[in-house]
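Reading the structure
Each chain, written out:
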Amino acid sequence: EAGVTQFPSHSVIEKGQTVTLRCDPISGHDNLYWYRRVMGKEIKFLLHFVKESKQDESGMPNNRFLAERTGGTYSTLKVQPAELEDSGVYFCASSPAGGFPYEQYFGPGTRLTVT
Amino acid sequence: GDSVTQMEGPVTLSEEAFLTINCTYTATGYPSLFWYVQYPGEGLQLLLKATKADDKGSNKGFEATYRKETTSFHLEKGSVQVSDSAVYFCALSSNQGGKLIFGQGTELSVKP
């Protein structure tokens, strides 16, 4: 069974540009999460999808970030326009509905560098 | 709000040394507790977990016990190997199916 995949693995963009990150969860997982780790600090929650619906988006930093999950399958996270402080590693995770409580499976992350 | 604090790194040990990485938490209710590990170039992997007080999670020689009285979930291993070099994250979840709250991560380097 394929794990959580993320694309691209690394992105370097200039301030003011737009970047779209993609996450493909494990097939059949209803829950999909986005997290971010900035400059070696703690990993912070961004948002949580249940199927195609946003269950919790309390961690989204501002309206420059837009997340979607088309048809309850893959998800995209768009940053527009990017700022220097958006640099970091963006992780996606998924978990099945009714699975072991709270266990989430993580992707390898996308390293975003804004210059 | 809920939070996790873990000891700062980097931690450097010699092979076969004893490892402790401290983790304490603040949470309302009864959270589940986790240790995740990130090996170089890879994503986070669940290392072990505990869902209620006094539970002990264990995997690959690592152990951690959920201590409600001290709000702690310290990670231990009796004899580390070079292959244990990684970044270790303590985390909690207060809500079923909900978000994880992580500590800042502790980088472990094990030298031969």
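Now for a look at the structure at hand.

Cut-offs and rules
- Residues numbered from 1 in each chain as written.
- Chains lettered and ligands numbered in written order.
- Predicted model: local features only at pLDDT ≥ 70, side-chain atom pairs only at ≥ 80, totals over all residues.
- Heavy atoms only, no water.
- Salt bridge = Lys/Arg side-chain N within 4 Å of Asp/Glu carboxyl O.
- Buried < 20%, exposed > 50% of the residue type's maximum accessible area, 1.4 Å probe, protein only.
- Helix = DSSP H or I, 4+ residues; strand = E, 2+ residues; numbered from the N terminus.
- Phe/Tyr/Trp six-rings, centres within 6.5 Å; stacked < 30°, edge-to-face > 60°.
- Lys NZ or Arg CZ within 6 Å of the ring centre and 35° of its normal.

**Looking at the pattern of salt bridges**
All names here are of chain A. Tallied over the full model, the rule gives 9 salt bridges over all chains. Note that Lys-44 is salt-bridged to Glu-42, the shortest N-O span being 3.9 Å. Using a relative accessible area of 27% as the deciding quantity, one classes Glu-42 as partly exposed. Among the salt bridges present, the one from Arg-64 reaches Asp-86, with a minimum N-O distance of 2.6 Å. With Arg-64 in the loop between β6 (53–56) and β7 (65–69) and Asp-86 in the loop between β8 (75–79) and β9 (88–95), this residue pair connects regions lying 22 residues apart in the sequence. The exposure classification of Arg-64 matches that of Asp-86, with both residues buried. Salt bridges here are not isolated pairs; linked through shared partners, they connect Arg-36, Arg-64 and Asp-86.

**Section: the packing of aromatic side chains**
Inspection of the entire model under this criterion finds 12 aromatic pairs over all chains. Geometrically, the ring pair formed by Tyr-35 of chain A and Phe-45 of chain A is edge-to-face, given 5.9 Å between the ring centres and 70° between the ring planes. Placement of the pair is Tyr-35 of chain A in strand β4 (residues 31–37) and Phe-45 of chain A in strand β5 (residues 43–50), with a sequence separation of 10 residues. Its relative accessible area of 9% is what places Phe-45 of chain A among the buried residues. Taken together, the ring pairs in this structure connect Tyr-33, Tyr-35, Phe-45, Phe-91 and Phe-106 of chain A together with Phe-34, Tyr-36, Phe-89 and Phe-102 of chain B into an aromatic cluster. For the cation-ring pair, Arg-22 of chain A lies above Tyr-74 of chain A, with the distance from its terminal atom to the ring centre recorded as 3.8 Å.

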